[in-house]
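Descriptive structure summary
Spelled out from the first residue to the last, the chains are:
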Amino acid sequence: MGSGLLLRGAAALCARGLRAAAAGRLCPLLPRPLSTGGSWCLRAAPGPPGRGEPPRSVGRGKGAAHSEEEDLEELLAPGPPLGAERLLVVHPAVKWGVKKPQLTTAELQVAEAVALINTLHNWTVLDKIILSTKTPDKKFIFGKGNFQILTEKIKGLPHITAVFLNIERLSPLTKKELEDAWGVTVFDRYTVVLHIFRCNARTKEAKLQIALAEIPLLRTNLKNEMSHLDQQRGGSRYIMGSGETFMEMQYRLLKEKEFKIRNALEKLRRKRSVLRTQRERREFPVISVMGYTNCGKTTLIKALTGDEGLQPQDQLFATLDITAHAGYLPSHLAVIYVDTIGFLSELPHDLIESFSATLEDVAYSDLIVHVRDISHPETVLQKASVLSVLKNLNLPSHLLDSVVEVHNKVDLIEWYQSPETNAIAVSALLGYGLEELKEEIERIVLKTTGKRILTIKVNLAGPQLSWLYKEATVQEVDVMPENGTANVKVIISNSVAYNSRGLDFMTQVVTSSPMNLEFY
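Right, let's walk through the structure included here. Positions within a chain are numbered from 1, following the residues in the order the chain's sequence is written. With pLDDT at 70 or above as the cut-off, local features in this predicted model cover only qualifying residues; side-chain atom pairs require 80 or more to be listed or tallied, and sums for whole chains, interfaces and linings still use all residues. As a rule here, side-chain values cover all heavy atoms of the structure and leave hydrogens and water aside.

Thoughts on the overall build of the protein chain
Only runs of H or I of at least four residues qualify as helices and only runs of E of at least two qualify as strands under DSSP, and these elements are numbered from the N terminus. The helix and strand tally for the protein chain stands at 17 helices and 15 strands. A simple rule labels every residue: compare its accessible area, found with a 1.4 Å probe on the protein chains alone, to the largest value its type can have, and call it buried under 20%, exposed over 50%, or partly exposed in between. For the protein chain, with 520 residues in total, the buried portion stands at 49%. Here, residues are in contact when the closest pair of their heavy atoms is within 4.5 Å. Counted over contacts in the protein chain with a minimum sequence separation of 6, partners at least 24 positions apart contribute 71%. Of the accessible surface of the protein chain, which amounts to about 25200 Å², a share of 53% is contributed by carbon and sulfur atoms. Here the open area of atoms and residues is found with the Shrake-Rupley method and a 1.4 Å probe, where only the protein chains shown may cover a residue.

Some thoughts on the nonpolar core
Nonpolar cores are built from buried Ala, Val, Leu, Ile, Met, Phe, Trp, Tyr and Cys residues. Side-chain atoms within 4.5 Å join them into one set. Counting 37 residues, the largest nonpolar core has F164 and V192 as its most contacted members. Mapped by element, the contributors of at least two residues to this core are β1 (85-93), α3 (106-119), β3 (162-165), α6 (189-200), α7 (204-233) and α12 (379-392). Once you skip the residues sitting within four places of it in the chain, F164 turns out to touch L87, L88, V89, V90, A113, L116, I117, F187, D188, R189 and V192. Formed by 27 residues, the second largest nonpolar core is a distinct cluster that contains L300, L367, V406 and I424.

Notes on the packing of aromatic side chains
Between rings of Phe, Tyr and Trp, where Trp is taken as its six-membered ring, a pair exists when centres lie within 6.5 Å; planes separated by under 30 degrees are stacked, by over 60 edge-to-face, and by other angles tilted. Applying the stated criterion across every chain, the model contains 3 aromatic pairs. Aromatic pair W123 and F187: ring centres 5.0 Å apart, planes at 40 degrees, arrangement tilted. Placement of the pair is W123 in strand β2 (residues 123-132) and F187 in strand β4 (residues 185-187), with a sequence separation of 64 residues. Taking the relative accessible area as the measure of exposure, W123 reaches 4% and is therefore buried.

Details of the packing of helix α9 (residues 297-305) against helix α14 (residues 434-449)
Think of two packed helices as two axes; the pair is described by the angle between the axes and how far apart they sit. Here an angle of 0 to 180 degrees is reported between the N-to-C directions of two axes, which are lines fitted to C-alpha atoms, with helices fitted over the stretch in contact. Axis separation between α9 and α14 bottoms out at 11 Å; the angle between their running directions is 85 degrees. Taken together, the axis directions place α9 and α14 in an arrangement best described as roughly perpendicular. Of the residues in α14, those in contact with L300, A303 and L304 of α9 are L434, L437 and K438. Each residue gets one of three labels, nonpolar for Ala, Val, Leu, Ile, Met, Phe, Trp, Tyr, Cys and Pro, charged for Asp, Glu, Lys and Arg, and polar for the others, Gly among them. Residue classes in the contact of α9 with α14 are distributed as 5 nonpolar, no polar and 1 charged. With respect to orientation, any angle under 35 degrees is reported as roughly parallel, any angle over 145 as roughly antiparallel, any angle of 65 to 115 as roughly perpendicular, and every other angle as oblique.

Focus: the packing of helix α4 (residues 144-155) against helix α5 (residues 172-182)
Direction vectors running N to C along α4 and α5 enclose 55 degrees, while the axes themselves pass 10 Å from each other. Compared by their axis directions, α4 and α5 come out oblique. Of α5, the residues touching α4 (which contributes F147, L150, T151, I154 and K155) are L178, A181 and W182. Grouping the amino acids of the contact of α4 with α5 by side-chain chemistry returns 6 nonpolar, 1 polar and 1 charged.

So, the sheet that holds strand β6 (residues 323-328)
Working definition: the strands of a sheet are paired by backbone hydrogen bonds and lie parallel or antiparallel to each other. Pairing is mixed in the open sheet, where 6 strands are placed in the order β6-β7-β5-β8-β9-β10. In the strand order of this sheet, the two ends are held by β6 and β10 (424-425), each with one partner. Following DSSP output, two strands are said to pair if at least two bridges run between them. As judged from the 5 bridges shared by strand β8 (residues 367-373) and strand β9 (residues 404-408), these two strands associate in the parallel manner. When the sheet's bridge partners are listed, R372 is paired in β9 with H407. Sitting on the sheet, α9 is in contact with β5 (286-291), β6, β7 (334-339), β8 and β9, with an inclination near 165 degrees to β7. Across the sheet, α12 lies against β5, β8 and β9, angled at about 155 degrees from β8, the strand it touches most.

What to know about α9
Here α9 has its buried residues at K297, T298, L300, I301, L304 and T305. Projected down its long axis, α9 carries its buried residues within an arc of 160 degrees, all on one side. Contacts made by the buried residues of α9 are with β5, β6, β7, β8, β9 and α14. G306, located one to two residues past α9, shows a positive phi value of around 70 degrees. Here, the arc refers to the directions that run from the helix axis to the C-beta atoms.

Some details on empty space enclosed by the protein
In this approach the atoms are scanned with a rolling probe the size of a water molecule, which exposes any empty space left behind. Every definition here rests on a 1 Å grid over the protein atoms only: cavities are sets of points where a 1.4 Å probe fits but cannot get out, pockets are open sets enclosed by protein on both sides within 12 Å along at least five of seven lines, and lining residues have some atom within 4 Å of a point. Grid points are joined across faces, edges and corners, and a volume is the space filled by probe spheres set on the points. Applying the stated rule across the entire model yields 5 cavities of 30 Å³ or more. In this structure, the largest cavity spans a volume of roughly 90 Å³. If you go around the largest cavity, the residues you meet are H91, T104, Q109, E112, N166, R189, Y292, S345, E346, E378, L381 and Q382. Listing elements by their share of the lining of the largest cavity, those giving two or more residues are α3 and α12. A per-class count over the lining of the largest cavity returns 2 nonpolar, 6 polar and 4 charged. When residues of the lining of the largest cavity are assigned to domains, at least three fall in each of domain 1 (85-197) and domain 3 (284-447). For the domain bounds, the source is a domain assignment made automatically or taken from a database.

Comments concerning the sheet that holds β2
Judged by pairing direction, the sheet is parallel, and its 4 strands sit side by side in the order β2-β1-β3-β4 without closing on themselves. At either end of the open sheet lies a strand with only one pairing partner, and these are β2 and β4. Ignoring strand direction, the axes of neighbouring strands in this sheet form an average angle of 25 degrees. Pairing between β1 and β3: 4 bridges, direction parallel. Bridging across to β3, L88 finds its partner in V163.

Laid out in structure tokens, this is it:
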């Protein structure tokens, strides 16, 4: 019972560290979150810092702490809710050349684009179209003929309010030219995914990371807005004799906002590091569960831990805030499973960079479990996307070399046989293959953490049993009263077993098997 309470406490500690709230000073000079159009500007707090300077602290008393909380709340204040959108999904299909996608088809890419839109409340796909292109990086994306076809189609759909162009990122010039030509708002994958992230973020840390990811788009919006104002009014606009133009002031305020967000995230990073150290002292192995979005990570963790508080959702990016959940392996070794953000093909670099503070915790795991939706037609591409992101996270080589690959949702494939010998086939929903998975996790965790499972015969009249309770995890005690001994099954680290105190107990050890020792 005591160990169970300790484990739940450690999981709570882990979760608290992963979701720690920032307490850094954040001054209220904020734009509201990314809008889909229209003019906007940053507003300055009274008495802002000098140009290019970081924000000044204002005090350390109770009032200062209260001010910091208010500043943080204002920084993360939600903007107006997203309005309803009726969209045409347009996929530029590169059919030849080095930029032709591998391991997928245009139809599958369109299906994922539609799924992204359907994730957003009140956003509806009215139609979709695939058009070939040789030059997806040029200003109008398509050649003259296909661009004309697309323009006519948009003009023939009077009810659409926006176009989702299924490419990673549109340049500001291309976005402006397309919106002028079509008369509707144009979204790219970066903007749509950012909208989804903002809608699904729950903790302050996730909201801060999304606010950081918005900075490049805010800069683009600012540049476009200033260009529009120049065309309307012309000339320079100085602010009340300050020698600073309106545009310069806006850029300065945006730079200060970015500084404050990064400062808050750094405080979270340091706080999480302290909590991680406390967690490591308790020696609970940490297992990071990763995979493509909607592959079934949360469902698998719920099946492995029995955590009824987990509510998996069949949608993209349902998990943005990393959470921790306690579970047990076959030997009753207590572990902590960490549920992480899902990945996506062509996930913009700025978004990955913004979530680096959260994904940093993966580097301190004892094991990574890579979950794949093996029933998905793009499962090979999804695997490549996840592995690409993992390699870019600068993880330790031993973590990358020991990844456990799980083929989930095998219940959707009749008579499934894995083509990969090291993969473990499971159905998290039905419970199939979970025991095999736990055994594989246990084998690698014991190896990577330097732990051993031993059955030790101890003399009950001596201090060995109390020492084992203090220094190891006692699993079972089989008392033999006729000779005053007990067989004790323990999980013990090599560092403890072979330190000076442990060696004192083991000076006359007789090994009957690799898993059985006797203390005299």
